[in-house]
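Structure assessment
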Amino acid sequence: MEKTYFCLHDLPLFDTLERSVFSVVCSRAAIKKHFKRGDILFRQGDASDTLYLVKEGSFKLTRVTEDGKEVIVHVAGVRDVLGEAALFREGSHPTTAIALQDARVCALSRQRLEEIIRTHPELAMQVIYSLGNSLYNAWEQATELRSGTTEERVLNMFIRLAAEHGEQCIEGTKITVFLTQQDIADYVGASRVMVVQVIKKLAERNYLVKKGKNYILKNRCF
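Here we summarise the structure given alongside this text. Quick caveat, the model's predicted, so the values are computed rather than measured. (Residues numbered from 1 in each chain as written. Predicted model: local features only at pLDDT ≥ 70, side-chain atom pairs only at ≥ 80, totals over all residues. Heavy atoms only, no water.)

What follows concerns the nonpolar core. Ranked by internal contacts, the top residues of the largest apolar core, which has 23 residues, are Phe158 and Leu179. When residues in this core are grouped by element, the largest group, 5 residues, is from helix H5 (residues 150-165). Among the nonpolar cores identified, the runner-up in size contains 14 residues, and Leu41, Val54, Phe59 and Ala107 belong to it. (Core = buried A, V, L, I, M, F, W, Y, C linked by side-chain atoms within 4.5 Å. Buried < 20%, exposed > 50% of the residue type's maximum accessible area, 1.4 Å probe, protein only. Helix = DSSP H or I, 4+ residues; strand = E, 2+ residues; numbered from the N terminus.)

Shown next as structure tokens:
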């Protein structure tokens, strides 16, 4: 029971629940799953009936466009929730979730959550609020990463990732998710060659530095 409690405790859906109510959630709780870098959590088009909470590691959410190009629409890290739309409708995943590094998630099915909501209807408003928040953030991110020059889009991406998945260090903010140059290109909708040039420029201007697999964004960027 204790392991289950801490598995689900970080879900934004349960922020306002009293401990006594949350214990009911725990009794019907999630399944823990582990993934290696490159493993797929779910694929675009798969049935969507489960909510996932990222406990360790990170995932990139990709989508194949009508012309066959794969684009990254979001990067999810620790405490992020994936598949929230599954709680409201039966359908398919609009994206594919791929582990960027070794990761661990907790999964809670729609059926189990529906059972809990029937018993504790106050949870329904919390679910609606959480989904609305996610939709707003998705639209905001899409606007940032699809407008402006390639340099502006890349810098905006690093600023967002530093805010969402950053750790303070001596040189600035270390971005804890691992992105290849091709990942970045897919994220901002540019060619890999252009991204390489932009990253070089940002480094020369002392905005960005790479150490090992991690990028560090200098504090002057905020």
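From this point, the discussion proceeds with the structure in view.
Two side chains of opposite charge can pair, provided their charged atoms sit close to one another. Tallied over the entire structure, the rule returns 7 salt bridges. Of the charged contacts in the structure, one is a salt bridge between Arg104 and Glu56, with a shortest N-O distance of 3.3 Å. Taken together, the positions of Arg104 in strand E10 (residues 103-109) and Glu56 in strand E4 (residues 50-56) put the pair 48 residues apart, joining distant regions of the chain. Exposure remark for Glu56: the relative accessible area of 41% places this residue in the partly exposed category. For the salt bridge of Asp183 with Lys60, the shortest nitrogen-to-oxygen distance reads 2.8 Å. Remark: Lys60 occurs in strand E5 (residues 59-64) and Asp183 occurs in helix H6 (residues 181-188); sequence separation between them is 123 residues. Since its relative accessible area comes to 4%, Asp183 is described here as buried. (Salt bridge = Lys/Arg side-chain N within 4 Å of Asp/Glu carboxyl O.)

Now for the sheet that holds strand E7 (residues 81-82). Spatial ordering of the open sheet is given by E1-E10-E4-E7, a layout of 4 strands whose pairing is antiparallel. Pairing within the sheet leaves two strands with one partner each, and these edge strands are strand E1 (31-35) and E7. (Pairing = 2+ DSSP bridges.)

The two faces of strand E14 (residues 214-217) match: Asn214 and Ile216 on one face and Tyr215 and Leu217 on the other face are all buried. The pairing of strand E12 (residues 172-175) with E14 spans 2 bridges and is classified as antiparallel. Within E14, the residue paired with Lys174 across the bridge is Ile216. As judged from the 4 bridges shared by strand E13 (residues 208-211) and E14, these two strands associate in the antiparallel manner. Bridge pairing in E14 links Lys210 to Tyr215. From the end of E13 to the start of E14, which pair antiparallel, there are 2 residues, and Gly212 there has a positive phi angle of about 65°.

Our next topic: unusual backbone geometry. Even without a glycine there, the phi angle at Arg79 is positive, about 80°. With relative accessibility at 47%, the residue Arg79 sits in the partly exposed group. Not every positive phi belongs to a glycine, and Asn206 is a case in point at roughly 65°. One can find Asn206 in the loop between helix H7 (192-204) and E13. Of the residues examined, Asn206 reaches a relative accessible area of 39% and is grouped as partly exposed.

Next up on the list: the packing of aromatic side chains. Across all of its chains, the model carries 3 aromatic pairs by this definition. Here the aromatic rings of Phe158 and Tyr215 are separated by 5.1 Å at their centres, their planes lie at 55°, and the arrangement is tilted. In this pair, Phe158 sits in helix H5 while Tyr215 sits in strand E14, placing the two residues 57 residues apart along the sequence. Its relative accessible area of 1% is what places Phe158 among the buried residues. The class of Tyr215 is buried, set by a relative accessible area of 4%. (Phe/Tyr/Trp six-rings, centres within 6.5 Å; stacked < 30°, edge-to-face > 60°.)

The subject of this paragraph is the side chain of Thr95. In this fold, Thr95 is placed in the loop between strand E8 (91-92) and strand E9 (96-99). Discounting residues that sit within four places of it in the chain, Thr95 has contacts with Phe42, Arg43, Gln44, Leu61, Thr62, Arg63 and Val73. (Contact = heavy atoms within 4.5 Å.)

Glancing now at the environment of Cys169. Its location among the elements puts Cys169 in strand E11 (residues 166-169). Setting aside anything within four residues of it in sequence, one finds Cys169 in contact with Lys174 and Ile216.

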